[in-house]
Every structure is written in structure tokens, then in C-alpha cells.
Amino acid sequence: MTGPSGSSPVRSSGLSTAQEAAATCSVTNPGSYYYHRHDYCLNGLEVTYTEFNEQNPGEILGTGVLTVSSSATLSASSGQWQESLTVTLAKATDLVEDLSVGLTASCTASCTATTPNPWAGSRLLTVGQSASGNVTFLATPGAGLVSNITTSYVLNVTQPGTIPINENAPWSNPRQVRCDTTFASNTSTGCVIPSIRAQLILPLSTFGAAAATYGWAENNLIDHWGADDNPLQRLASETAQKANRTSTCGSGASRPFVYLDATVPDDSCDEYPFAASYQGGTNGGLCADVVPLLQNGVWNFYQDPNAPAVTFNEPCVRGHVPNDDNGAAGLALGRNSQSERVIDLEKFDLVVTA
């Protein structure tokens, strides 16, 4: 339709977004977010630009479809991370020939988008062209505090020569980023996606009898602590951890742990659930006491001759584990809590591998 004296129609524009639930970041799931504990990405979020005839608001004069993709990797030792963003004009119809695109990012809680725009101003795109760049977020929770952060975005789209109705298309990351400064031994901030549960992975090839004992308890004892359906919870207090060890392996146990150095050189008492978990600290007299031995490449478990027969209904295990394996596994648990930013009371899984 033409206006007076054959002039071009007076045009206006509107925007809408189409976003799916979180799934996989792939071309088969456009508009979906995908998450690991330390990263997230978005593929093909569609933003539809529509031009209307201002003299006849119900008449659509053309459309443009833009797609947004992004990816970010979080740091376990910094509150700063970058997110790369790409906006592409995927298709256009009728009177829409090119679109001017700008983008602004922001974040909540103790967070600032220190570089809120992936590119300066606006970029004019024709079909098939893209605009790309990085935004930077910085989380600054106070000492010993936790911040749950939502990142948000606004895409600004205009068509040269139009009068916009609503040129902004906003959206937010459906899952929060959590940043904390709660580790006394590491004062730096670290960030993760907390909705993805952390795993403690202990290979038998590295942690020997310790990993074997934990895996045996997870698979065989009644509570299956550490399994996906019954995770452990980190206990951050070192004082409480020490008390748990005393209760299970030390003087607090109603039945003493009797060392078997002739069978297990440099024998030690290795408890599971861990003393550094809220599930730890059970009276050692109630535990199953087992002797793990690697024989012909297979871990076999034997009854401790000084303990009651194992019923598999015990709430804990005390393994006869060489001290080196015991200590190495304990260090791995501590390092994993920091690298995965597992905060106090947070759930985590145990995975024992070959």
C-alpha cells in the first residue's frame, strides 16, 4: 500500500522473542541453554522483528528473524567471566532489508557488567551477516558470602527509516550463576552453575584402597551415600570434621578400630561417609569394618576379624586402608571442594572409576 502522492508507507516496528526450556546447545534445540557446572551456552534464540504500516496497524509490511548464540566459561578462582555473543540476521521478508542491532548485558546481586556491550553502538546487518563480541561480568560478594546471580540481556533492533513501536527484546539466563568467597584457605572468589551438582571423581588407579572402600560402601551399604539419589553434603567446619573423625575412627567410637598392619602395611582407619560431610561422624562401633585387598587386578573385601559380621545395614564403613591412600583421598576431597566451589551444606556425588 502506498501513501499520499505515491510515497513509501510510514513504517513502525515491533519485536518478540521465542525461547525454549533448557536442553542441549545444538542446532536441533534452537533457543535452548546448555549447562555444565563451569560453563553455559545458548544456541539460536530467535528474535522476530516485525514492521507494521502505521496508517494501518494490522498490516505487516515485513519481518526479520535474528538468532542469538552465546557461550561462557566460569572460573573457580575468579569472580570475573566473559560471555561471547553473536547475533545473526537469519532471514528477512518484504520491506525489511537490513536491521541495526545493539546489545546490552546486565547482572543482579553483587555483580556488575563491566563490559555491558559486545560491540560499540549498533551494527547494520543484512541477511546472513553477524555481529559478535564479548561482554564481561564481575561478581564481588563480600568475604565469606555467596551471591546468586542472574544475567540478563536486551537486544535493540531498528530498521532505518522506521518509527519503532518496541525495539527492545529482553531475556535472561534461566539458571543462576553462584559466586562465593567462603573458602578460608582460598580467599579468591569463584563461580559455578549450582544447579549442576558437583562430583568427586576418584580413580581406583590413583587412590587404591581408599577409593575401593568408598565405592564398596556406596554400592553395598543400605544408605548408598554418594549415589545420585542420595548425595553427600559438604561440611565446611574443620572443628566439626575433627569431631566426626574422633567419633568414627578415634576415641569417640564405642568399638575401637584395631589396626591390621600385618595384612595392610601402614594400616589406617578410613571412614565413609567422609568426616568432611554432614553424613559423617557416626559412632564407629556401628560401622562395617572391612579389609580391601587388590588381588589379581580385582578389589576383594574381607571381614575384619575384630569386628562383628557385616550385615550391609550399617550406616558407615571403616576401611583398613594404607595411610598414603587415605591421605591422598582426603586431599583430593578438599581440592575438589575448592575447584567445584562446593559450599557448606551443598550436595555432591561420589564417582569411583577405574
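Keep in mind that what you see is a predicted model, and the values were worked out from it rather than measured.

1. Quick notes on the overall build of the protein
A tally of helices and strands in the protein yields three helices and 22 strands. Relative to the globule expectation of 20 Å for 354 residues, the C-alpha radius of gyration of the protein, 29 Å, shows a markedly less compact shape. Relative to its 354 residues, the protein shows a buried fraction of 47%. The long-range fraction of contacts in the protein, counting pairs at least 24 apart against all pairs at least 6 apart in sequence, stands at 71%. For the protein, the computed accessible surface area is about 15700 Å², with 52% contributed by carbon and sulfur atoms. If you average the places of the 15 positive and of the 31 negative side-chain charges in the protein, the two averages end up 5 Å apart.

2. Focus on helix H3 (residues 323-339)
Given a rise of 1.5 Å per residue, 17 residues ought to cover 24 Å, and the 24 Å separating the end C-alpha atoms of H3 matches this to within 8%. Where the residues of H3 are buried, they touch strand S16 (198-203), helix H1 (204-220), strand S18 (267-272), strand S21 (317-322) and strand S22 (347-353). Two residues or fewer after H3 comes Arg341, characterised by a positive phi angle close to 50°.

3. Here we look at the layout of surface pockets
In this structure, the largest pocket encloses a volume near 530 Å³. Here the lining of the largest pocket takes seven residues from H3, the largest share from any one element. The class makeup of the residues in the lining of the largest pocket is eleven nonpolar, eight polar and five charged.

4. Details of helix H2 (residues 238-249)
Helix length check: H2, at twelve residues, gives a terminal C-alpha distance of 16 Å against a target of 16 Å (1.5 Å per residue), a fit within 8%. Buried within H2 are the following residues: Gln241, Asn244, Ser247, Thr248 and Cys249. Down the axis of H2, the smallest arc covering the buried residues is 160°, so these residues share one side. Turned more than 90 degrees from where H2 packs its buried face, Thr239 and Lys242 sit exposed.

5. A few points about empty space enclosed by the protein
Counted by the stated rule, this structure contains one cavity of 30 Å³ or more. In this model, the largest cavity occupies a volume close to 50 Å³. In this structure, the largest cavity is lined by Ala217, Glu218, Leu221, Asp223, His224, Trp225, Tyr272, Pro273, Pro315, Cys316 and Val317. When the residues that make up the lining of the largest cavity are grouped by side-chain class, the tally is eight nonpolar, one polar and two charged.

Thresholds applied
- Residues numbered from 1 in each chain as written.
- Predicted model: local features only at pLDDT ≥ 70, side-chain atom pairs only at ≥ 80, totals over all residues.
- Heavy atoms only, no water.
- Helix = DSSP H or I, 4+ residues; strand = E, 2+ residues; numbered from the N terminus.
- Rg over C-alpha atoms; globule rule 2.2 N^0.38 Å.
- Buried < 20%, exposed > 50% of the residue type's maximum accessible area, 1.4 Å probe, protein only.
- Contact = heavy atoms within 4.5 Å.
- Areas by Shrake-Rupley, 256 points an atom, 1.4 Å probe, with all protein chains shown as cover.
- Lys, Arg positive; Asp, Glu negative; His and termini not counted.
- Charge placed at Lys NZ, Arg CZ, Asp CG, Glu CD.
- Expected span 1.5 Å × (residues − 1).
- 1 Å grid on protein atoms, 1.4 Å probe; cavity = no way out; pocket = protein on both sides within 12 Å on 5 of 7 lines; lining within 4 Å.
- Points joined across faces, edges and corners; volume = space filled by probe spheres on them.
- Nonpolar A, V, L, I, M, F, W, Y, C, P; charged D, E, K, R; others polar.
- Arc of directions from axis to C-beta.

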